[in-house]
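# Inside the fold
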Amino acid sequence: MKVNVLPAGYHIENFSTLLTAVARQYSDLLSESEITLHRRFAECSYEAKSLYVRLLTRKGPLFRIDKIQYQDIKTPRDALAELRLLNLVRENPPAETEELCHLFTKAELLRLVTVTGASDSKLQPHKQLQQLRKPDLIATIDEHFCRDQLSAIITSAYPYVAPAYTEEFETYRICFFGNDRQDLTEFVITDLGHLKYESYPLNKSVRYFTDRKQIENQLAYSRLRQQLLDKSISEDANTLFILANQLPEPNQHPALERRYQNLMNTVARQLERLDAYEQALTLYRRCQQHPSQERQARILKKHAEYEASLALCTELKNSTHPEEKEFALRFIPPLEKALGIASTSATGHSQPLAANHPIIQTDLTLPKSELSVELSTAIALSSPTQDCYYVENTLFCSLFGLLFWDIIFTPIRGAFINAFQRGPLDLFSEHFYRDRKIQIDQRLDQLQSDQWQSTVIHYFETRQGIANYFVNWAVINATLLEHCFTSIPRTHLQKIFQQILQHPGFFSSGFPDLIRFHRTSSPDTRYDLIEVKAPGDKLQANQKRWFQFFAQHQMPAQVLWIKWQDHD
């Protein structure tokens, strides 16, 4: 088996690529210090570059000089001296006791507290300190030692450094990736061949940020996301509310608007959990993004504000978002009852999802197997005249991804921010179709004939292995495609794709587990879709929606309830 090995200096090349790409796209938006980072890094020698990248991207923020040892850095002290000269590192910067203690092992800390004598008289005896876990030992040192004296001893005996320009690099990272989740490991994944990405132009005409304010907003959103991981913040309602109120509003930027509203919903939901309902309502009311209005209606009902809750639900009945509409139809009857209003349940408000189109349900008895219930069922349903495949969400999503491949990767403003994307930033929103309507409608027209098959085959053959959120290369193959071409009516595919396009993120799941192709049946029954349910399982809401859709459009689909064979 071929094992891919990272080339020497890969981390330097990847870091340089990131800096250069951002400088090329955003030279007019970068600050003087951010530009200085790019310039000074370019001036470094190979070893200085190698050391700086490691200090900046590895867990720190402090590094003991005597511990700096890397195979490709033959003279680490010379590299460090060069970084000092260029002001790319800071030596012995002020630090909290806890940060300083993390520079040492537990054994080193015990030796340190023994020889320093910089503690108060209440410090536990050495033997008791040995019994402490390292975090508890650090807390004890922090409590009993004079920080200034301890810091002086450490900086004298164990000097340390910290990389400079960390905030500037964060701006580069945000400008390159557009989020706080991705980092330089994306380059490594690509270098190792684990993922290949589609090529698309990245230049100023389609760049993600168009002004400095947008960059600052994204940085603020990223900081709050990180702060929410701190329990001292996430469990303090007043602090949460203050931080949310300090968050800048988006500056005419759809993607940032979605991030802002996501954050507001996240903070508001946490405030609910902390029983800070008024504060939660305040934040929810700044959002239109689901589930903001649903949460408002729930809070209002909880506080017996039935009329206000009913008014919200009445609006949600006409929502284009399925979950909002379904929630409203469930929530209205108890509100009407509480207000003494004649129930509208007769019009279907209280009807369960998919009740208008009864779901076809059958039973199948199988022997228990080590295989999954879906695979066991697929094998049982296969025969010389029919082929059954376990595909779940992958088949129709892969067909969608292949048919619309070039449209998915068409560069429009704000859709692509770096070279490591499996699709545009708006792919899973309702904006995907809206912003590409003409091209998508033209592609849907291919389903009036067999032209769509040529498009799918073209991208299947020319894009093998390239990352696309919708295409599962481990499942889709030529045999499965041929079955789809010959067995699934074009009209069915067109309707399914139109449904996905309403909200690709929402309608890309919930498909039945199996598809069965019938080799000798009539043209009207060449395939059917089968959802497999083991004993004790039940249909989820997204599955019920698709079954409602299949029944509405007369597409063959059923739920197969599995019973296990008795061994008596």
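An account of the accompanying structure is given in this report. (Residues numbered from 1 in each chain as written. Predicted model: local features only at pLDDT ≥ 70, side-chain atom pairs only at ≥ 80, totals over all residues. Heavy atoms only, no water.)

Turning next to the overall build of the protein. For the protein, the count of helices and strands is 28 helices and 8 strands. Dimensions along the principal axes, computed over C-alpha positions, put the protein at roughly 85 × 65 × 65 Å. The long-range fraction of contacts in the protein, counting pairs at least 24 apart against all pairs at least 6 apart in sequence, stands at 72%. Each charge sign in the protein was given a centre, from 63 positive and 67 negative side chains, and these centres are 1 Å apart. (Helix = DSSP H or I, 4+ residues; strand = E, 2+ residues; numbered from the N terminus. Contact = heavy atoms within 4.5 Å. Lys, Arg positive; Asp, Glu negative; His and termini not counted. Charge placed at Lys NZ, Arg CZ, Asp CG, Glu CD.)

Next up on the list: helix α4 (residues 76–85). By the burial criterion, the buried members of α4 are Ala79, Leu80 and Leu83. Looking straight down α4, one finds its buried side chains confined to an arc of 100 degrees; they lie on one side. In this structure, α4 carries Arg77, Asp78 and Leu85 as exposed residues pointing more than 90 degrees from its buried face. Buried residues along α4 sit in contact with α3 (46–57), β2 (89–91) and β3 (160–163). (Buried < 20%, exposed > 50% of the residue type's maximum accessible area, 1.4 Å probe, protein only. Arc of directions from axis to C-beta.)

Let us look at the environment of Tyr200. Mapped onto the fold, Tyr200 is located in the loop between α11 (185–191) and α12 (212–227). Taking C-alpha positions, Tyr200 is 20 Å from Asp183, a pair spaced 17 residues apart along the chain. Those residues in contact with Tyr200, other than ones at most four positions away along the chain, are Phe409, Phe416, Asn418, Ala419, Phe420 and Gln421. Side-chain polar atoms of Tyr200 contact the backbone oxygen of Asn418, separated by 2.7 Å. Within the local environment of Tyr200, its side chain forms a polar contact with the backbone nitrogen of Gln421, the two atoms lying 3.2 Å apart. (Polar contact = N/O pair within 3.5 Å; in protein donor to acceptor, adjacent residues only side chain to side chain.)

Running from N to C, helix α17 (residues 292–302) and helix α19 (residues 322–339) cross one another at 15 degrees; their axes reach a closest spacing of 11 Å. Comparing the axis directions of α17 and α19 gives the class roughly parallel. Crossing hand, α17 versus α19: left-handed. Of the residues in α19, those in contact with Gln293, Glu294, Ala297, Arg298 and Lys301 of α17 are Glu324, Phe327, Arg330, Phe331, Pro334 and Leu335. Split into classes, the residues belonging to the contact of α17 with α19 amount to 5 nonpolar, 1 polar and 5 charged. (Axes fitted to C-alpha atoms, helices over the stretch in contact; angles between N-to-C directions. Parallel < 35°, antiparallel > 145°, perpendicular 65-115°, else oblique. Left-handed = near helix turned anticlockwise from the far one by under 90°. Nonpolar A, V, L, I, M, F, W, Y, C, P; charged D, E, K, R; others polar.)

Next up on the list: the sheet that holds β3. The strand order β1-β3-β2 describes an open sheet built from 3 strands, whose pairing is antiparallel. Edge positions in the open sheet fall to β1 (63–64) and β2, since each of these has one partner strand only. Pairing of β2 with β3, which is carried by 3 bridges, proceeds in the antiparallel orientation. Opposite Val89, over in β3, you have Pro163 as the bridge partner. Here α3 sits on the sheet in contact with β1, β2 and β3, set at roughly 85 degrees to β3. (Pairing = 2+ DSSP bridges.)

Quick look at unusual backbone geometry now. Look at the link from Gly60 to Pro61: it is a cis peptide, with omega at 5 degrees. One can find Pro61 in the loop between α3 and β1. Cis geometry is adopted by the peptide bond preceding Pro291, which originates at His290 and carries an omega value of 10 degrees. Mapping Pro291 onto the fold places it in the loop between α16 (277–284) and α17. Phi at Asp275 is positive, roughly 65 degrees, even though this residue is not glycine. With respect to the helices and strands, the residue Asp275 is situated in the loop between α15 (254–273) and α16. Residue classification places Asp275 among the exposed positions, given a relative accessible area of 54%. A positive phi angle is found at Glu392, which is not glycine, with a value near 45 degrees. Residue position: Glu392 is located in the loop between β5 (386–390) and α21 (394–403).

On to the packing of aromatic side chains. Using the criterion set out here, one finds 36 aromatic pairs in the structure. Here the aromatic rings of Trp405 and Trp473 are separated by 6.2 Å at their centres, their planes lie at 55 degrees, and the arrangement is tilted. With Trp405 in helix α22 (residues 405–408) and Trp473 in the loop between α25 (451–462) and α26 (478–487), this pair connects stretches of sequence that are 68 residues apart. The same class applies to Trp405 and to Trp473, which are both buried. Cluster of aromatic residues (ring-pair linked, three or more members): Phe396, Phe506, Phe507, Phe511, Trp546, Phe547, Phe549 and Phe550. A cation sits over an aromatic face here: Lys49 above Phe41, 5.5 Å from the ring centre. (Phe/Tyr/Trp six-rings, centres within 6.5 Å; stacked < 30°, edge-to-face > 60°. Lys NZ or Arg CZ within 6 Å of the ring centre and 35° of its normal.)

What follows covers a negative patch on the surface. Residues Glu98, Glu99, Asp142 and Glu143 make up a contiguous surface patch of negative charge. Of all the secondary structure elements, the ones that give two or more residues to the negative patch are α5 (97–101) and α8 (134–144). Positionally, Glu99 belongs in helix α5. (Patch = residues over 30% accessible without salt bridge, like charges linked within 9 Å, V, L, I, M, F, W, Y side chains within 5 Å. Areas by Shrake-Rupley, 256 points an atom, 1.4 Å probe, with all protein chains shown as cover. Salt bridge = Lys/Arg side-chain N within 4 Å of Asp/Glu carboxyl O.)

For Leu493, the position within the fold is in helix α27 (residues 490–502). A relative accessible area of 0% means that Leu493 is categorised as buried. Separated by 49 residues in sequence, Leu493 and Leu444 have C-alpha atoms that sit 9.5 Å apart.

All we've got here are geometric facts, nothing functional implied.
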